[in-house]
Amino acid sequence: MISAVVEYRGWKEGSRCGYCASARGKVSVGMWAHSMTVQDYQDLIDRGWRRSGKYVYKPIMNQTCCPQYTIRCQALRFQTSKSHKKVLKKMLKFISKGDVSKVVSEEEPMDSHIEDVVSSDFAYKSESQVSQTELTPLNEDHAEGAENEDKDNVETNVKKVESGSLQIPVDKDAAGPGEPSHSSKTVHAPPKPGKGADLSKPPCRKAKDIRKERKLQKLLQNQMGTLEGSPLQAGHQALLSQNSKTPTNQPKSIEDFIFVSLPDDAPHKLEVRVVRSSPPSSQFKATFQESYQVYKRYQMVIHKDPPDKPTINQFTRFLCDSPLEAENPPNGPECGYGSFHQQYWLDGKIIAVGVIDILPYCVSSVYLYYDPDYSFLSLGVYSALREIAFTRKLHEKAPDLCFYYMGFYIHSCPKMRYKGQYRPSDLLCPETYVWTPIEQCLPLLELSKYSRFNQDAKAVDEGRIKDLGRVRVLHKRTIMPYSVYKKRRKGPSDEASVQQYASLVGQTCSERMLLFRS
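Residues numbered from 1 in each chain as written. Predicted model: local features only at pLDDT ≥ 70, side-chain atom pairs only at ≥ 80, totals over all residues. Heavy atoms only, no water.

J.: Which residues make up unusual backbone geometry, and what are the values?
T.: What is expected of a backbone is that most residues other than glycine have negative phi and most peptide bonds are trans. Here the residue pair serine 278 and proline 279 is connected by a cis peptide bond, since its omega of -5 degrees sits within 30 degrees of zero. Mapped onto the fold, proline 279 is located in the loop between strand E6 (270–278) and helix H8 (282–286). Look at alanine 21: it is not a glycine, yet its phi comes out positive at around 65 degrees. Tracing the sequence through the fold places alanine 21 in the loop between strand E1 (5–15) and strand E2 (26–35). (Helix = DSSP H or I, 4+ residues; strand = E, 2+ residues; numbered from the N terminus.)

Below, the structure written as structure tokens:
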């Protein structure tokens, strides 16, 4: 497996904010990622990072003007709201009957992922100038001599690799399914009286349905007395299982609305295709120009960009380039892990594209662009619902993959609160990096735009940096721990910058990723 290689760009403050229109209120840190494993990026977004092309950035939450909290939806438990059902039914009516309802959902913002447009300009200015040669570790023979420089700690000796074949050991202490890292811990507190249902308990069921189920179970048990081991018994058990899992009052799932049999004479045909964008697949290359034209129109009409701004170069850097290495493990989803474009084809042409990352524990939404002529279909909401359904589908093959990450939730910006409508969802605590149900976060955010969600005053960041010397560095094409690099370095100390980097990415990522030092 190839190691992640990053260039830390440090602190950037005083830049324009696209949410509150502050000229100098935005504060963040960033790094240029030359390459990155999907596990590295999973761990980074679980610490509040997010990517725009190959630029990976993190808001400084207690200083930026509009704090941006990482939000995830629990896709397996997701239930469609009334407004979500309206959008799904509207699409179904349009496809099956040609019904064109021009009423746009009031809860849908014009752009469902506007924050990335704001951040992308800085990403272009931050592009790396380092050559590929400098980023390639030397063969074992050329790395000799660095091994014995740190005899006090054998484990921090220089690691030597052949070009492009660095082995990363699996962390034996890694969290189990549904808990990608220390940051995946969820804080649950029982709701106060009158404050809603306890999400940790199963939903209430009507006594009438329970009586029906018991009656059916008794009837089937009597019949099974003479059918032990027969095929009929299996059928009865399946029927019993089906009845116990799907009571008559069970609300419809997203799949019930999406995967519906259409009449033969349906006026429209909608097809959703997932194509790998990095490295670009043949399907991606074949549809590149058509996809770009949709993006260009979207930026000009929705974001009011001048015609010369949404160039092919900008589109490629922002939405096609990705540092994520493609991975196809046998126990992963059929399409593999990495960066993809989810294309919505209506009657043979692209009308929308969702840019997504498929990671070990989630589908992460990066951006959405669509043909403005189809705004009446509420494509921002529809695509989010399709991505949740896609997450649930991937979970069937990859059991650990069960969350849908929606980017950032910004409570101080009313137009960005819509992401909180996809329930159940959690927000990431900006200090301890544990997940907290959004219902517990909202009262705190009403009091202050910046808040620590973890109410345990003694809790700390479990993934914090504990040993700076173990940070992995790539210097002069040689991989070494920072403790060795520090002795070799000439000129002023860079310890403060490395300390800042390590504290933000955490101990695990700092020991796995390679921090480039010139």
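Now, onward.
J.: Just give me the short version of the sheet that holds strand E13 (residues 472–475), but keep the residues and values in it.
T.: By way of backbone hydrogen bonds, the strands of a sheet pair with one another, either parallel or antiparallel. With mixed pairing, the 7 strands of this open sheet are ordered in space as E3-E4-E2-E1-E15-E13-E14. Sheet topology places strand E3 (50–52) and strand E14 (478–481) at the edges, where each strand pairs with a single neighbour. Sheet twist, expressed as the average angle between the axes of neighbouring strands with direction ignored, equals 40 degrees. Sheet strands touched by helix H14 (residues 495–512): E1, E2, strand E4 (55–59), E13 and strand E15 (514–517). Its angle to E1, the strand with the most contacts, is close to 135 degrees. (Pairing = 2+ DSSP bridges. Axes fitted to C-alpha atoms, helices over the stretch in contact; angles between N-to-C directions. Contact = heavy atoms within 4.5 Å.)

J.: I'd like a description of H14, backed by residues and values.
T.: The first and last C-alpha atoms of H14 sit only 19 Å apart over 18 residues, clearly below the 26 Å expected at 1.5 Å per residue. Considered for burial, the residues of H14 that qualify are Val498, Tyr501, Ala502, Leu504, Val505, Gly506, Gln507, Cys509, Ser510 and Arg512. (Expected span 1.5 Å × (residues − 1). Buried < 20%, exposed > 50% of the residue type's maximum accessible area, 1.4 Å probe, protein only.)

J.: Residues and numbers for a positive patch on the surface, please.
T.: Taken together, the side chains of Lys89, Lys93, Lys97 and Lys252 present a region of like positive charge at the surface. Structurally, lysine 252 is set in the loop between helix H6 (231–245) and helix H7 (254–258). (Patch = residues over 30% accessible without salt bridge, like charges linked within 9 Å, V, L, I, M, F, W, Y side chains within 5 Å. Areas by Shrake-Rupley, 256 points an atom, 1.4 Å probe, with all protein chains shown as cover. Salt bridge = Lys/Arg side-chain N within 4 Å of Asp/Glu carboxyl O. Lys, Arg positive; Asp, Glu negative; His and termini not counted. Charge placed at Lys NZ, Arg CZ, Asp CG, Glu CD.)

J.: How would you explain the packing of aromatic side chains if you had to name every residue and give the values?
T.: Under the defined criterion, the tally for this structure stands at 19 aromatic pairs. Here the aromatic residues Phe284, Phe288, Tyr292, Tyr295, Phe315 and Tyr369 are joined through ring pairs into a cluster of three or more. If you follow arginine 50 out to its NZ or CZ, it ends over the ring of phenylalanine 408, 6.0 Å from the centre. Directly above the ring of tryptophan 345 sits arginine 273, whose terminal nitrogen or CZ lies 4.0 Å from the centroid. (Phe/Tyr/Trp six-rings, centres within 6.5 Å; stacked < 30°, edge-to-face > 60°. Lys NZ or Arg CZ within 6 Å of the ring centre and 35° of its normal.)

J.: An account of the nonpolar core is needed here, citing residue identities and associated values.
T.: Counting 122 residues, the largest nonpolar core has Met31, Met36, Tyr369, Tyr422, Tyr501 and Met513 as its most contacted members. Among the elements that line this core, the one with the most residues is helix H11 (residues 379–397), at 9 residues. Ignoring any residue separated from it by four or fewer positions in sequence, one finds methionine 36 in contact with Ala4, Val6, Tyr41, Leu44, Val56, Pro323, Leu324, Glu325 and Met513. Core analysis: the second largest hydrophobic core is formed by 7 residues, Val5, Val130, Leu474 and Leu514 among them. (Core = buried A, V, L, I, M, F, W, Y, C linked by side-chain atoms within 4.5 Å.)

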